[in-house]
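Analysis of the macromolecular model
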Amino acid sequence: MDFRWYLIVEYAPLFLKGTLLTIGLSIAGILIGTVLGLFIGLGKMMRKKLWALPFKWYINFFRGTPFMVQILLIHFAVVPAFLDTTNAILAAILALSLNSAAYVSEIFRAGIQSINRGQMEAARSLGMTHGQAMKYVILPQAFKRMIPPLGNEFIVLIKDSSLAALIAVPELMYWGRAMQGQYMRAWEPYLTATVIYLVLTLSLSSLLSLLEKRLATE
């Protein structure tokens, strides 16, 4: 195999630029997705089934359809419907956020339901409202249990962001495809992208492990 290192050196600034955008898209997606996911998860847990139904179908839709379809639909249909134009970066953030929210909502639901019901009853007996009990008693305990699955979702989001290249978002995979198209070489661009994604995900995994250990000692 004739591996041409000079091609990687030539594209290094673009790969760096793409990596930074990949990180930015992933952070935006997980932050927005976490906020939305909390409300969707709480909505799904409502006792009145009719009120919970829209939240359940939201989760079913985004978990039951390919992310590729979602990002194309949002880019070519949803965003233009509101802005009268296409905006690839906005579409990518929106798609990542909405998709992540569906998975995060299930993480929140499972985390909250894992807390003994006696905790809620004890908080209510102390005069707390349901909202106060959730905020000060249930969610802080549940959050510790949700760190591993939330971390896994962030890792998945980093990898899913590569599909933003389909709508010409200049993230990491976009420049890999551009390099491959320019030089008709596969090893250099895709191995470089693979190594960068691996560094990102392993670094995040290490940080999450440290966070878990720190929370476990508190």
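In every chain, residue numbers begin from 1 and rise along the written sequence. Local features are withheld for residues below a pLDDT of 70 in this predicted model, meaning they are given only at 70 or higher, and side-chain atom pairs are given and counted only at 80 or more; totals for whole chains, interfaces and linings count all residues. Side-chain metrics rest on all non-hydrogen atoms present in the structure, leaving aside hydrogens and water.

**Focus: the packing of aromatic side chains**
Think of it this way: a Phe, Tyr or Trp ring, Trp meaning its six-membered ring, pairs with another when their centres are within 6.5 Å, and the plane angle makes it stacked under 30 degrees, edge-to-face over 60, tilted otherwise. Here the structure, examined in full by the defined rule, presents six aromatic pairs. A ring pair is formed by Tyr58 and Phe62, whose centres lie 4.7 Å apart and whose planes are at 45°; its orientation type is tilted. In this pair, Tyr58 and Phe62 both sit in helix α2 (residues 49-64), four residues apart, roughly one turn of the helix. Accessibility assignment for this pair places Tyr58 and Phe62 in one class, buried. A run of H or I in DSSP becomes a helix once it reaches four residues, and a run of E becomes a strand once it reaches two; helices and strands are each numbered from the N terminus. Whether a residue is buried, partly exposed or exposed follows from its accessible area with a 1.4 Å probe, protein chains only, as a fraction of its type maximum: under 20%, in between, or over 50%, in that order.

**Observations concerning a nonpolar patch on the surface**
Residues Leu16, Leu20, Ile23, Ile27, Leu31, Ile32 and Leu36 make up a contiguous nonpolar surface patch of about 610 Å² in total accessible area. Mapped onto the secondary structure, Leu16 falls in helix α1 (residues 5-44). Each patch is assembled from residues with relative accessible area greater than 30% and no salt bridge, linking like charges that lie within 9 Å and nonpolar side chains (Val, Leu, Ile, Met, Phe, Trp, Tyr) that lie within 5 Å. Here the Shrake-Rupley method, with its probe set to 1.4 Å, supplies the accessible areas, and only the displayed protein chains count as covering residues. Salt bridge, as used here, is a side-chain nitrogen of Lys or Arg placed within 4 Å of a carboxyl oxygen of Asp or Glu.

**A few points about helix α6 (residues 130-160)**
By this rule the span expected of a helix is its residue count minus one, scaled by 1.5 Å. Taking 1.5 Å per residue as the helical rise, α6 with its 31 residues ought to reach 45 Å, whereas the 36 Å between its terminal C-alpha atoms falls clearly short. The angle between axes fitted to the seven residues ending at a residue and the seven residues starting there is what we call the bend at that residue. Where α6 bends most, at Met146, the angle is about 50°, and the proline Pro148 comes one to four residues later.

**Notes on the packing of helix α7 (residues 172-183) against helix α8 (residues 187-217)**
To get an axis, fit a line to the C-alpha atoms, keeping to the stretch in contact for a helix; angles then go from 0 to 180 degrees between the N-to-C directions. As a packed pair, α7 and α8 sit with axes 8 Å apart at the nearest point and diverge in direction by 165°. The angle between α7 and α8 places the two elements in the roughly antiparallel class. The way α7 lies across α8 gives a crossing that is right-handed. Contacts between α7 and α8 involve Leu172, Met173, Gly176, Arg177, Met179 and Gln180 from the first element and Glu188, Pro189, Tyr190, Ala193, Ile196 and Tyr197 from the second. Each residue gets one of three labels, nonpolar for Ala, Val, Leu, Ile, Met, Phe, Trp, Tyr, Cys and Pro, charged for Asp, Glu, Lys and Arg, and polar for the others, Gly among them. Split into classes, the residues belonging to the contact of α7 with α8 amount to eight nonpolar, two polar and two charged. Orientation is classified from the angle alone, with under 35 degrees giving roughly parallel, over 145 giving roughly antiparallel, 65 to 115 giving roughly perpendicular, and any other angle giving oblique. Each crossing is labelled by how the near helix is turned from the far one, with a counterclockwise turn of less than a right angle marking it left-handed and a clockwise turn marking it right-handed. Should any heavy atoms of two residues lie within 4.5 Å, those residues are counted as being in contact.

**What to know about the pattern of salt bridges**
Once their charged atoms are close, side chains differing in charge can pair, the charge on each being opposite to the other. In total, this model carries four salt bridges according to the counting rule given. Of the charged contacts, one joins Lys44 and Glu106 as a salt bridge, the two residues approaching to 3.0 Å between their closest N and O atoms. Of this pair, Lys44 sits in helix α1 while Glu106 sits in helix α4 (residues 88-113); the two residues are 62 residues apart in sequence, bridging distant segments of the chain. Across the pair Arg109 and Glu106 runs a salt bridge, and its minimum N-O distance is 3.2 Å. With Arg109 and Glu106 both in helix α4 and three residues apart, the pair spans about one turn of that helix. For Arg109, a relative accessible area of 23% corresponds to the partly exposed category. Since its relative accessible area comes to 13%, Glu106 is described here as buried. Among the charged side chains, a salt-bridge network with shared partners connects Lys44, Arg63, Glu106 and Arg109.

**Some details on the side chain of Glu106**
Pairing of N or O atoms within 3.5 Å defines a polar contact, subject to two protein rules: one partner must be a possible hydrogen donor and the other a possible acceptor, and residues neighboring in sequence count only if both atoms are side-chain atoms. For Glu106, the side chain forms a polar contact with the side chain of Lys44, separated by 3.0 Å. With sequence-adjacent residues up to four places away left out, Glu106 is seen in contact with Lys44, Ile59 and Arg63.

**With respect to the packing of α1 against α8**
Between α1 and α8, the shortest axis-to-axis distance is 11 Å and the interhelical angle comes to 40°. Between α1 and α8, the crossing angle belongs to the class labelled oblique. As for the relative orientation of α1 and α8, their crossing is right-handed in sense. Side by side, α1 and α8 meet where Leu7, Ile8, Phe15, Thr19, Thr22 and Ile23 of the first sit next to Glu188, Pro189, Thr192, Ile196, Tyr197 and Leu200 of the second. Residue composition of the contact of α1 with α8, by class: eight nonpolar, three polar and one charged.

**A closer look at the nonpolar core**
Within this scheme, the nonpolar core is defined by two criteria: the residues are buried Ala, Val, Leu, Ile, Met, Phe, Trp, Tyr or Cys, and they are joined through side-chain atoms within 4.5 Å. With 40 residues, the main nonpolar core has Phe15, Tyr58, Ile71, Ala92, Ile167 and Val169 as its most contacted residues. Looking at this core element by element, the count peaks at eight residues for α4. The contact partners of Val169, leaving out residues within four places of it in the chain, are Leu21, Leu25, Ala88, Ile89, Ala92, Ala164 and Tyr174. Val104, Phe108, Ile115 and Leu150 belong to the second largest nonpolar core, which has 14 residues in total.

**Some remarks on the environment of Ala186**
By the secondary structure assignment, Ala186 is in the loop between α7 and α8. Of the residues examined, Ala186 reaches a relative accessible area of 41% and is grouped as partly exposed. Put simply, Ala186 and Ser203 are 17 residues apart on the chain and 26 Å apart in space, counted from C-alpha to C-alpha. Those residues within four positions of Ala186 in sequence are excluded, and the remaining contacts are Gln180 and Leu191.

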